[in-house]
Amino acid sequence: MKIRKGDKVKILLGKDRGKEGKVEFVMVKKEKIFVGGANLYKRHVKKHGTIEGGIIDIPKPMDISNVALVCPSCNKVTRVGYQVVEGSKVRICRKCKKEIKTNAKT
């Protein structure tokens, strides 16, 4: 999968088109991602014990094909390429040819 947790992406399609955000979670088998602050939907919730009732925002996953990676070095929307460096496969930016490092904290 070319987009990973912690990457900065730009949304290309949908109701949040044009917004940028950080990838919070990746669902690899379903090819969907959660982007922070994007694709939020309202949900009416009843009170359950200690949980307060009301209208809450719920993030929903979006298809990975609807976003594009923003390169951390050149700040342009780009596709991801791969290159073998010292026996390991690394992601590279197709525009500036520099390595893309993930800032995810696992």
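These notes cover the structure that comes with them. (Residues numbered from 1 in each chain as written. Predicted model: local features only at pLDDT ≥ 70, side-chain atom pairs only at ≥ 80, totals over all residues. Heavy atoms only, no water.)

Overview of unusual backbone geometry
(1) Moving on: Backbone geometry at asparagine 75 places phi at a positive 55°, although glycine is not the residue there.
(2) Moving on: Assignment of secondary structure puts asparagine 75 in the loop between β7 (67-70) and β8 (77-78).
(3) Moving on: The phi dihedral of glutamate 86 falls on the positive side, at around 55°, and the residue is not glycine. (Helix = DSSP H or I, 4+ residues; strand = E, 2+ residues; numbered from the N terminus.)

What about a nonpolar patch on the surface?
(1) Moving on: A cluster of nonpolar residues, Leu12, Leu13 and Val77, forms a patch on the protein surface that exposes about 230 Å² of accessible area.
(2) Moving on: With respect to the element layout, leucine 12 can be found in the loop between β1 (8-11) and β2 (20-27). (Patch = residues over 30% accessible without salt bridge, like charges linked within 9 Å, V, L, I, M, F, W, Y side chains within 5 Å. Areas by Shrake-Rupley, 256 points an atom, 1.4 Å probe, with all protein chains shown as cover. Salt bridge = Lys/Arg side-chain N within 4 Å of Asp/Glu carboxyl O.)

A word on the nonpolar core
For soluble globular proteins, the rule of thumb is that nonpolar side chains tend to be buried together.
(1) Moving on: Formed by Ile3, Val9, Ile11, Val23, Val26, Ile33, Val35, Ala38, Met62, Ile64 and Val67, the largest nonpolar core amounts to eleven residues.
(2) Moving on: Breaking this core down by element, the ones donating at least two residues are β1, β2 and β3 (32-35).
(3) Moving on: Apart from residues lying up to four places away in sequence, valine 23 is in contact with Ile3, Arg4, Lys5, Gly6, Asp7, Val9, Ile33 and Phe34.
(4) Moving on: Among the nonpolar cores identified, the runner-up in size contains five residues, and Leu69, Val80, Cys93 and Ile100 belong to it. (Core = buried A, V, L, I, M, F, W, Y, C linked by side-chain atoms within 4.5 Å. Buried < 20%, exposed > 50% of the residue type's maximum accessible area, 1.4 Å probe, protein only. Contact = heavy atoms within 4.5 Å.)

Some details on the packing of aromatic side chains
(1) Moving on: The final tally for this structure, using the stated rule, is one aromatic pair.
(2) Moving on: Ring geometry for phenylalanine 25 versus phenylalanine 34: centroids 6.0 Å apart, planes at 50°, classification tilted.
(3) Moving on: One Lys or Arg, lysine 15, reaches over the ring of tyrosine 41 and ends 3.9 Å from the middle of that ring.
(4) Moving on: Of note, lysine 89 hangs over the ring of tyrosine 82, and the distance from its end group to the ring centre comes to 4.6 Å. (Phe/Tyr/Trp six-rings, centres within 6.5 Å; stacked < 30°, edge-to-face > 60°. Lys NZ or Arg CZ within 6 Å of the ring centre and 35° of its normal.)

Details of the sheet that holds β1
(1) Moving on: A sheet is described by the order of its strands in space; here six strands give the open sequence β6-β3-β2-β1-β7-β8, paired in antiparallel fashion. The two strands at the open ends of the sheet, each matched to only one other strand, are β6 (62-63) and β8.
(2) Moving on: With four bridges joining them, β2 and β3 adopt antiparallel strand pairing. Note that in β3 the partner of methionine 27 across the bridge is lysine 32. (Pairing = 2+ DSSP bridges.)

With respect to the side chain of threonine 78
(1) Moving on: Note on placement: threonine 78 falls in strand β8.
(2) Moving on: Look at threonine 78 and you get buried, because its relative accessible area is 6%.
(3) Moving on: Among the polar contacts listed, one links the side chain of threonine 78 to the backbone nitrogen of arginine 94, at a separation of 3.4 Å.
(4) Moving on: Not counting the four nearest positions on each side in its chain, threonine 78 is found in contact with Leu69, Cys71, Cys93, Arg94 and Lys95. (Polar contact = N/O pair within 3.5 Å; in protein donor to acceptor, adjacent residues only side chain to side chain.)

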